Amino acid sequence: METKNIMIVGVGGQGTLLTSRILGGIALHEGYDVKLSEVHGMAQRGGSVVTYVRYGDKVAEPIVEEGQADILIAFERLEAKRYAHFLKKDGAIIVNDQRMDPITVVTGAAQYPEGILEELSQKYKVYSVDAMAEAKKLGNARVFNIIVLGIAAQHMDYSKETWLTVIEKTVPPKTVEINKKAFEVGYSL
Amino acid sequence: MEKKIMLGNEAIARGAWEAGVKVSSAYPGTPSTEISESLVQYKADIYAEWAPNEKVATEVASGASISGVRSMCCMKHVGVNVAADPLYTMSYIGVNGGMVLVAADDPGLYSSQNEQDSRSVGRAAHVPVIEPSDSQEAKDFMKYAFELSEKYDTPVILRTTTRLSHSQGLVTLEDRVVPEDKPYERNIKKHVMMPAMAKQRHLHVEQRELDMSADGASMPINRVEMNDKKIGVITCGIEYQYVKEVLPNASVLKLGLVNPLPKQMILDFAAQVEELYVIEELDPVIEEQVRSWGIACHGKDLLTVQGEYSANLLRKAILHEELDLETPADVPARPPILCPGCPHRSVYSVLKKLNIHAAGDIGCYTLGAVAPLNVVDTTICMGASISSLHGMEKAKGKEYVKNWVAVIGDSTFLHTGVNSLMNMVYNQATGTVMILDNSTTGMTGHQDHAATGKTLQGDPTYAIDIYNLVKAMGIEHVVEVNAFDIKKLEEVVKEETARDEISVIITKSPCVLLKGNVFPNKCVPIPEKCKKCGMCLRPGCPALTKKEDGTIAIDETMCNGCGLCKNVCPFGAIETVEK
């Protein structure tokens, strides 16, 4: 199989690491070689963060580079725009339709761009969701990332059961049920 | 055999466990921290601890090794500088039980103050350095490092980088094999490095390097992948993966031993290929040695000494490929910031109001250097806030530093700040030191330290009382203040900086991300009372934004309810209500 390249981008603290670990678990479950690359440390403090997931028959490089991503999972609009050039020409963006102002916008040094989703839609397949609102309906705003993952899963070749099995194995035991529910919400959107 | 997906750092810990390590000591530092955290799962077999700093950690590992067991210490690259003193001399002493120092470099500066190359430290200290290329090798090389250590009577540096430490890959698990403890024998010629003994041991060190260099060709961690001989590449570490992506048909000499270099193996390889490339991130450590042997090669003439490499970077530099890539969008930067509810923000809002300069240190609070806080003026290394403030006073006089403070976190204070403070006391300083005590090592992800009352392995322990420690140095003016009591803090800072004597202000409030540390309230704006002055925005809390009409919105999901915005609002236009 040709190597699949997935990127998860967002703001430090949004849970990109958990999401990438589930994707890694899927690849392992399916018997592929897999590499993930993450960001720890200072950037996790509210900075722009990116996690790479690559799987296939044999994976060398652990990072996804410009023009190579099949799927870009973005937990925030501005971050979707920041990393869109990493996508292949026919790549898909799954974006949580949420605005988080970076400090450069808060202090007035920069403007938060308007019309991000419309602009991205002209070049790429864009699937957007207000995952925060959906997560609140479930009573736990923090599982919004798994809802977004559920949407991404629709564009990948694994059964719902496989995803749920891997989620069960990956998330903290106390949060298994809520995360499975969140995944189902995303998967059926 | 079971296969598991593991972070490079988890694989290093696994390798240590499989190798039969019994003692590990470390100080947290990105990208090395998860090695020690991962060792906790092997508590039954390995004693693992947080030491106050890397020098201590390396000495703990040294003692364990001399006593006859396999031991390790872990640190980030700049920690190796702190550990340099014991490392350079352990190179002479060698080992009894195997000893490995894990040095985690940070090309690309994801979370560091410089981009130094630990391979150079290995060369300078005459300590062998080995470098894996993925998680599987991280585990395997760790085990091999102990074999080398015992075979050649030397500590070994296992060098990793951020990309390797923080990438996950498949690892085949094996069982733990514990070698029998080596008997301890008193041997002052080997263990007491006074001049006469050290002279003799230096001979051992030099011979050892020659032996290892010669034996390199037969070490399984060095391998030749002979393919098309038009292009030959010498590479190591994560760079090997980029080479395999870009030059799948090239001949490759993959070095696991990067110090000392296996000279004859390199000469033989170079003789077989038409054009030779040395591909290594950061310093031209391999390239310069290869050139010094009279071998022509490409390296830093094409490739940068800064940052990380990638497959695309090699495509451009070596294959001169024009890549058809989209231009990145011009979007506002999103630099890291202090979290909503962070006590450092509260302290900095007071210093900012008083127009005080801060000599800074290493931790989350370094972020006080940038807008909108703009309080921290300097950051050098762990502990330097206190000693550099002292230097300023000795240069410019005591009036000059009345407009300055040193700011340092609790973990950093215990790391090396203590020594700097002793120096201030001893040499009659009058400056003001602020210890921002948030009860944890924050930036690296909340590790315990000597003043938290808990060990790495989760056991309760004695907590060093920072107040009494400072008092015991003979400092009369030591004040503890709640970091969020900005009124009191302002009074204290004014009083202590004006004083012609040394003083220490300890601001206390646990890191907002610590488990169980939850403010009972949330902050809510009252638009009718808002005068649109923007005072609440000055501390730069990311939960607050200005609405189009000039009043304030507070993001409910981000606000931690610390009440700083309420406290700085002069018009009572923000209130705290129960969550």
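What counts and what doesn't
Residue positions are given per chain, counted from 1 along the sequence in the order it is written. Labels are handed out in written order, letters beginning with A for the chains and numbers beginning with 1 for the ligands. It should be noted that, the model being predicted, local features are given only for residues of pLDDT at least 70 and side-chain atom pairs only at 80 or more, the latter also being counted only at that level, while totals for whole chains, interfaces and linings use all residues. Excluding hydrogens and water, the side-chain values take into account all heavy atoms of the structure. The helix and strand labels rest on DSSP assignments: H or I over at least four residues marks a helix, E over at least two residues marks a strand, and numbering proceeds from the N terminus. Each radius of gyration reported is based on C-alpha atoms, and the globular scaling rule is 2.2 Å times the count of residues to the power 0.38. Think of it in three bands: residues with accessible area under 20% of the maximum for their type are buried, residues over 50% are exposed, and the middle band is partly exposed, with areas taken using a 1.4 Å probe on protein chains only. Any two residues having at least one pair of non-hydrogen atoms within 4.5 Å are treated as being in contact. Summed over both partners, the accessible area lost on bringing two parts together, with a 1.4 Å probe, is the buried area. Salt bridge, as used here, is a side-chain nitrogen of Lys or Arg placed within 4 Å of a carboxyl oxygen of Asp or Glu. Should DSSP find at least two bridges between two strands, the strands are taken to pair. As a rule, the C-alpha atoms of each element are fitted with a line to give its axis, helices using only the stretch in contact, and angles between N-to-C directions run from 0 to 180 degrees. Here a cavity means grid points, on a 1 Å grid over the protein atoms only, where a 1.4 Å probe fits yet cannot get out; a pocket means an open set of points with protein on both sides within 12 Å along at least five of seven lines; lining residues are those with an atom within 4 Å of a point. Grid points are joined across faces, edges and corners, and a volume is the space filled by probe spheres set on the points. Residues are grouped as follows: Ala, Val, Leu, Ile, Met, Phe, Trp, Tyr, Cys and Pro are nonpolar; Asp, Glu, Lys and Arg are charged; all remaining types, including Gly, are polar. Only residues whose relative accessible area exceeds 30% and that form no salt bridge are eligible for patches; like-charged ones are grouped when within 9 Å, while nonpolar side chains (Val, Leu, Ile, Met, Phe, Trp, Tyr) are grouped when within 5 Å. Only the protein chains shown count as cover for residues, and all accessible areas are computed by the Shrake-Rupley method using a 1.4 Å probe. How far a helix is expected to stretch is found by multiplying one less than its residue total by 1.5 Å. Polar contact is defined as a pair of N or O atoms within 3.5 Å, subject to the rule that within protein one atom must be able to donate a hydrogen and the other to accept it, and that residues adjacent in sequence are counted only when both atoms are side-chain atoms. Whether a crossover is right-handed comes down to one check: with the strands pointing away from the viewer, does the path from the first strand over the helix to the second run clockwise; if it does, it is right-handed. Start and end positions for the domains come from either an automated domain assignment or a database one.

Peer 1: Would you take a moment to explain the overall build of chain A for this structure?
Peer 2: Secondary structure summary: chain A contains eight helices and six strands in total. Its helices and strands taken in sequence order, chain A reads β-α-β-β-β-α-β-α-α-β-α-α-α-α from the N to the C terminus. In terms of overall dimensions, chain A is globule-like: its C-alpha atoms have a radius of gyration of 16 Å, near the 16 Å expected for 189 residues. Seen along its three principal axes, the alpha-carbon backbone of chain A occupies a region of about 50 × 40 × 35 Å. Looking at the 189 residues of chain A, the share that counts as buried comes to 63%.

Peer 1: For this particular structure, what's the right way to read the interface of chain B and chain A?
Peer 2: Accessible area lost on assembly of the parts is the figure often given for the size of an interface. Contacts between chain B and chain A engage 51 residues on the former and 50 residues on the latter. Between chain B and chain A, roughly 4,300 Å² of surface is buried when both sides are summed, and carbon and sulfur atoms account for 60% of that area. Across the contact surface, chain B and chain A share five salt bridges. Put simply, K123 of chain A and E326 of chain B hold a salt bridge, and the shortest N to O gap is 2.9 Å.

Peer 1: Sorry, what's going on with the sheet that holds strand 1 (residues 4-11) of chain A here?
Peer 2: Sheet strands line up and pair through hydrogen bonds in the backbone, either parallel or antiparallel. On the basis of which strands lie adjacent, the open sheet formed by eight strands has the order 6(A)-5(A)-4(A)-1(A)-3(A)-2(A)-8(B)-1(B) and mixed pairing. Where the open sheet ends on each side, the last strands, each with one partner, are strand 6 (125-129) of chain A together with strand 1 (3-7) of chain B. Direction aside, neighbouring strands of the sheet carry axes that sit 20° apart on average. Strand direction decides the pairing type here: strand 1 of chain B and strand 8 (residues 167-172) of chain B, joined by five bridges, are antiparallel. When the sheet's bridge partners are listed, I5 of chain B is paired in strand 8 of chain B with L170 of chain B. Set on the sheet, helix 1 (residues 8-18) of chain B makes contact with strand 1 and strand 8 of chain B; between it and strand 1 of chain B the angle comes to about 115°.

Peer 1: How should empty space enclosed by the protein be read in this particular structure?
Peer 2: Gaps between atoms show up when a probe of the same size as a water molecule is rolled over them. Residue and element names in this part refer to chain B. In total, this model carries seven cavities of 30 Å³ or more according to the counting rule given. Looking at the largest cavity, its volume works out to about 130 Å³. Along the walls of the largest cavity sit 17 residues, with C530, C536, I552, C569 and A573 positioned nearest its centre. Across the lining of the largest cavity, the residue classes tally to 12 nonpolar, three polar and two charged.

Peer 1: What is the right way to look at the layout of surface pockets in this model?
Peer 2: By volume, the second largest pocket is sized at about 740 Å³. V50 and Y83 of chain A together with Y110, R163 and E308 of chain B are, among the 36 residues lining the second largest pocket, the residues nearest its centre. When contributions to the lining of the second largest pocket are tallied by element, the ones reaching two or more residues are strand 3 (48-56) of chain A together with helix 14 (311-318) and strand 15 (376-378) of chain B. Partitioned by chemical class, the residues of the lining of the second largest pocket number 21 nonpolar, seven polar and eight charged.

Peer 1: I'm lost on a nonpolar patch on the surface in this one. Help?
Peer 2: Together, I188, V192 and M194 of chain B give the surface a local cluster of nonpolar side chains, amounting to about 220 Å² of exposed area. As for its placement among the helices and strands, M194 of chain B is situated in the loop between helix 9 (188-191) and helix 10 (195-215).

Peer 1: Can you walk me through unusual backbone geometry in this structure?
Peer 2: Note: most peptide bonds trans; most residues except glycine with negative phi. All names here are of chain B. With an omega of 10°, the peptide bond running from T30 to P31 counts as cis. With respect to the helices, strands and loops of the structure, P31 is situated in the loop between strand 2 (23-26) and helix 2 (33-39). Residue N259 is joined to P260 through a cis peptide bond whose omega torsion reads -10°. Unusually for a residue other than glycine, Q428 sits at a positive phi of about 55°. Positionally, Q428 belongs in the loop between helix 17 (410-426) and strand 17 (432-437). Overall, the relative accessible area of 66% leaves Q428 in the exposed class.

Peer 1: I'm lost on helix 7 (residues 135-152) of chain B in this one. Help?
Peer 2: Each α-helix turn comprises 3.6 residues. Residues three or four places apart therefore point the same way. Residue and element names in this part refer to chain B. The end-to-end C-alpha distance of helix 7, which contains 18 residues, comes to 25 Å, matching closely the 26 Å that a straight helix rising 1.5 Å per residue would cover. Across the 18 residues that make up helix 7, a large majority, 14, are buried. One side-chain oxygen at the N-terminal end of helix 7 lies 3.2 Å from the backbone nitrogen of Q136; it belongs to D134. D153 sits one or two positions beyond helix 7 and adopts a positive phi of about 55°.

Peer 1: Help me understand the pairing of strand 10 (residues 228-236) of chain B in this model?
Peer 2: One face of the sheet, then the other: side chains in a regular strand alternate in exactly this way. Residues and elements named next belong to chain B. Of the strand pairs in this sheet, strand 10 and strand 11 (residues 250-255) are connected by six bridges, and their pairing is parallel. The residue of strand 11 that forms the bridge with T235 is K254. Where the polypeptide runs from strand 10 across helix 11 (residues 239-246) and back to strand 11, its parallel neighbour, the crossover connection is right-handed. Here five bridges tie strand 10 to strand 13 (residues 275-279), and the two strands are oriented parallel to one another. Bridge assignment links V233 to a residue of strand 13, and that residue is Y277.

Peer 1: Help me understand the side chain of N179 of chain A in this model?
Peer 2: Within the element layout of this structure, N179 of chain A appears in helix 8 (residues 176-187). Sequence-distant contacts of N179 of chain A, defined by excluding residues within four places in its chain, comprise V143, I146, I167 and V171 of chain A.

Peer 1: It is not clear to me how the domain arrangement of chain B should be interpreted in this structure. Could you clarify?
Peer 2: All names here are of chain B. Domain boundaries assigned for chain B yield domain 1 (3-217), domain 2 (223-318), domain 3 (343-508) and domain 4 (521-578). Taking only C-alpha atoms, the centre of domain 1 and the centre of domain 2 are 25 Å apart. A buried area of about 2,300 Å², summed over both sides, lies between domain 1 and domain 2, and 52% of it is on carbon and sulfur atoms. Of all residues in domain 1, R119, R123 and S133 give up the largest surface area on contact with domain 2, accounting jointly for 27% of the area buried on that side. Taken together, the connections running from domain 1 to domain 2 amount to four salt bridges. R223 is paired through a salt bridge with E137; the nearest N and O atoms lie 3.8 Å apart. Linking domain 1 with domain 2 are 18 residue pairs in polar contact (both at pLDDT 80 or more), by the criterion used here. Those elements giving two or more residues to the side of domain 1 that touches domain 2 turn out to be helix 6 (118-125), strand 6 (129-130), helix 7, strand 7 (156-161), helix 8 (162-165) and helix 10. Counting residues per element, the side of domain 1 that touches domain 2 draws most heavily on helix 6, at four residues. Broken down by class, the residue content of the side of domain 1 that touches domain 2 amounts to 11 nonpolar, eight polar and 10 charged.

Peer 1: Honestly, the pattern of salt bridges in this entry has me stumped. Any pointers?
Peer 2: Oppositely charged side chains can pair when the atoms bearing their charge come close. Residue and element names in this part refer to chain B. Scanning the entire structure with this criterion turns up 48 salt bridges over all chains. Between E280 and R119 there is a salt bridge; the shortest N-O distance is 2.8 Å. Within this pair, whereas E280 is found in the loop between strand 13 and helix 13 (285-292), its partner R119 is found in helix 6, the two being separated by 161 residues in sequence. Residue E280 is classed as buried on the basis of its relative accessible area, which comes to 0%.

Peer 1: Looking at this structure, I do not really get the environment of A553 of chain B. What am I missing?
Peer 2: Residue and element names in this part refer to chain B. For A553, the position within the fold is in strand 22 (residues 552-554). Here the alpha-carbon distance between A553 and P525, two residues 28 residues apart in the chain, equals 6.8 Å. Not counting chain neighbours up to four residues away, the residues in contact with A553 comprise A543, L544, T545 and K547.

Peer 1: Explain the sheet that holds strand 13 of chain B to me, please; I cannot follow it from the model alone.
Peer 2: Residue and element names in this part refer to chain B. The strand order across the open sheet formed by four strands is 9-11-10-13, and the pairing between neighbours is mixed. What marks the edges here is a single partner per strand, and that holds for strand 9 (223-225) and strand 13. Taken over all neighbouring pairs, the strand axes of this sheet differ in orientation by 15° on average, direction set aside. In terms of strand pairing, strand 9 meets strand 11 through three bridges, oriented antiparallel. Residue pairing in the sheet places R223 in a bridge with K254 of strand 11.

Peer 1: What's the story with the environment of L373 of chain B in this structure? I'm lost.
Peer 2: All names here are of chain B. One can find L373 in the loop between strand 14 (357-359) and strand 15. Taking the relative accessible area as the measure of exposure, L373 reaches 5% and is therefore buried. In this structure, the C-alpha to C-alpha distance between L373 and P539, residues 166 residues apart in sequence, is 6.2 Å. What L373 contacts, discounting residues up to four positions off in sequence, is L338, Y348, K352, G368 and P539.

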